[in-house]
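Descriptive structure summary
Take a look at the letters that make up each chain.
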Amino acid sequence: EAGVVQSPRYKIIEKKQPVAFWCNPISGHNTLYWYLQNLGQGPELLIRYENEEAVDDSQLPKDRFSAERLKGVDSTLKIQPAELGDSAVYLCASSLGLYSGASNEQFFGPGTRLTVL
Amino acid sequence: QKEVEQDPGPLSVPEGAIVSLNCTYSNSAFQYFMWYRQYSRKGPELLMYTYSSGNKEDGRFTAQVDKSSKYISLFIRDSQPSDSATYLCAMSHPNNNAGNMLTFGGGTRLMVKP
């Protein structure tokens, strides 16, 4: 079974440029998460989707970040314009969903490493 | 102060050693406790999952939760070079509508030398 797929794996851009990340979750997983991971830190949640609905985006900097999950499957995360401080790894994860049981294990993709110059 | 604290390491041990990794936390509402392993340039993968207090064993790995002390541990027996990775603790509580929203520690980098 394929895991969570993310692309691109690496992205280098200049500041003020736009950038987009794509995530394809595990088939059948209703919940999708986008995390930000700075070097030497644990992942921090940016946004969570239950199917196509964004149910927690309180940590998403809405002035420059946006996300969508069309048809409740794939998702894209966009930054426009990018700033130097956005350099980090952007992780996507998916899980079966709220009512799948107590564990509701999150499966992570390999991440997109963004460098803003 | 962060909700979940974890010594960043690096922790360097010889092959075969017993490794102890720890996290402390401040939110007494946390009920679910997890350990993730993250290899370089990979996403985290779930190693151990524990609900509430107690111990859980899986092969060479043992997870312990002491809710009275707000302290969790992961022990690795007979450590192998392939165990070299960053270990992240994560926690969640059921007191919201978000299922398992995870709060991660900063991770401890482990190096097991042959």
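This text follows the structure it describes.
This next bit is on the overall build of chain B. Of regular secondary structure, chain B possesses zero helices and eleven strands. Counting from the amino terminus, helix and strand elements in chain B follow one another as β-β-β-β-β-β-β-β-β-β-β. Taking 114 residues into account, the globule formula puts the C-alpha radius of gyration at 13 Å, and chain B, at 14 Å, falls close to it. Over its C-alpha atoms, taken along the principal directions, chain B stretches across nearly 45 × 30 × 25 Å.

For the rest of this paragraph, the subject is the overall build of chain A. Across its full length, chain A carries zero helices and eleven strands. If you list the helices and strands of chain A from N to C, you get β-β-β-β-β-β-β-β-β-β-β. Over its C-alpha trace chain A gives a radius of gyration of 14 Å, about what one expects of a compact globule, namely 13 Å for 117 residues. C-alpha extents for chain A along the principal axes are approximately 45 × 25 × 25 Å. Counting the 117 residues in chain A, one finds 45% classified as buried. A separation of at least 24 residues holds for 55% of the contacts in chain A among residues at least 6 apart in sequence. Distance between charge centres in chain A, computed from 11 positive and 14 negative side chains, equals 7 Å.

Turning our attention to the pairing of strand 4 (residues 31-37) of chain A. Residues and elements named next belong to chain A. By the criterion of burial, strand 4 is predominantly enclosed, with seven of the seven residues buried. With burial as the criterion, each face of strand 4 is covered, one bearing Thr-31, Tyr-33, Tyr-35 and Gln-37 and the other bearing Leu-32, Trp-34 and Leu-36. Note: strand 4 against strand 5 (residues 44-50), six bridges, orientation antiparallel. Looking at strand 5, one finds that Tyr-33 is bridged to Arg-48. Linking strand 4 to strand 5, which pair antiparallel, is a turn of six residues; within it Gly-40 sits at a positive phi near 75°. As paired strands, strand 4 and strand 9 (residues 88-95) are joined by seven bridges and run antiparallel to one another. Among the inter-strand pairings, Tyr-35 is bridged to a residue of strand 9, identified as Leu-91.

As a further point, take the nonpolar core. Grouped together as the largest cluster of nonpolar side chains are 24 residues, with contacts concentrated most on Trp-35, Ile-72, Leu-74, Ile-76, Tyr-87 and Met-91 of chain B. Core analysis: the next-biggest nonpolar cluster, separate from the first, contains 22 residues, Ile-13, Phe-21, Leu-77 and Val-116 of chain A among them.

Moving on: the interface of chain A and chain B. Contacts between chain A and chain B engage 23 residues on the former and 20 residues on the latter. Between chain A and chain B lies a buried interface of about 1700 Å² when both sides are counted; carbon and sulfur atoms form 50% of it. Put simply, chain A and chain B have zero salt bridges between them. Secondary-structure elements contributing two or more residues to the side of chain A that touches chain B are strand 4 and strand 5 of chain A. When residues in the side of chain A that touches chain B are grouped by element, the largest group, three residues, is from strand 4 of chain A. Of the residues that constitute the side of chain A that touches chain B, the class distribution is ten nonpolar, eight polar and five charged.

On to the sheet that holds strand 8 (residues 75-79) of chain A. All names here are of chain A. The strand order across the open sheet built from four strands is 1-3-8-7, with neighbouring strands paired in antiparallel fashion. Looking at the sheet topology across the chains shown, the edges are occupied by strand 1 (5-7) and strand 7 (65-68). For this sheet, the mean angle separating the axes of adjacent strands, direction not counted, is 15°. Of the strand pairs in this sheet, strand 3 (residues 19-24) and strand 8 are connected by five bridges, and their pairing is antiparallel. By the bridge assignment, Cys-23 is partnered in strand 8 with Ser-75.

Let's shift gears to the environment of Ser-7 of chain A. Residues and elements named next belong to chain A. Mapped onto the elements, Ser-7 comes out in strand 1. When its relative accessible area of 30% is taken as the criterion, Ser-7 is described as partly exposed. Distance from Ser-7 to Phe-21, taken between C-alpha atoms, is 6.2 Å for residues 14 residues apart in sequence. The contacts of Ser-7, once residues within four sequence positions are left out, are Phe-21, Trp-22 and Thr-112.

The next point concerns the sheet that holds strand 1 (residues 4-6) of chain B. Residue and element names in this part refer to chain B. Pairing is antiparallel in the open sheet, where five strands are placed in the order 1-3-8-7-6. Two strands bound the open sheet, and with one partner strand each, they are strand 1 and strand 6 (54-58). Between one strand axis and the next, the sheet turns through 15° on average, direction left out of account.

Calculation rules
- Residues numbered from 1 in each chain as written.
- Chains lettered and ligands numbered in written order.
- Predicted model: local features only at pLDDT ≥ 70, side-chain atom pairs only at ≥ 80, totals over all residues.
- Heavy atoms only, no water.
- Helix = DSSP H or I, 4+ residues; strand = E, 2+ residues; numbered from the N terminus.
- Rg over C-alpha atoms; globule rule 2.2 N^0.38 Å.
- Buried < 20%, exposed > 50% of the residue type's maximum accessible area, 1.4 Å probe, protein only.
- Contact = heavy atoms within 4.5 Å.
- Lys, Arg positive; Asp, Glu negative; His and termini not counted.
- Charge placed at Lys NZ, Arg CZ, Asp CG, Glu CD.
- Pairing = 2+ DSSP bridges.
- Core = buried A, V, L, I, M, F, W, Y, C linked by side-chain atoms within 4.5 Å.
- Buried area = accessible area lost by both parts, 1.4 Å probe.
- Salt bridge = Lys/Arg side-chain N within 4 Å of Asp/Glu carboxyl O.
- Nonpolar A, V, L, I, M, F, W, Y, C, P; charged D, E, K, R; others polar.
- Axes fitted to C-alpha atoms, helices over the stretch in contact; angles between N-to-C directions.

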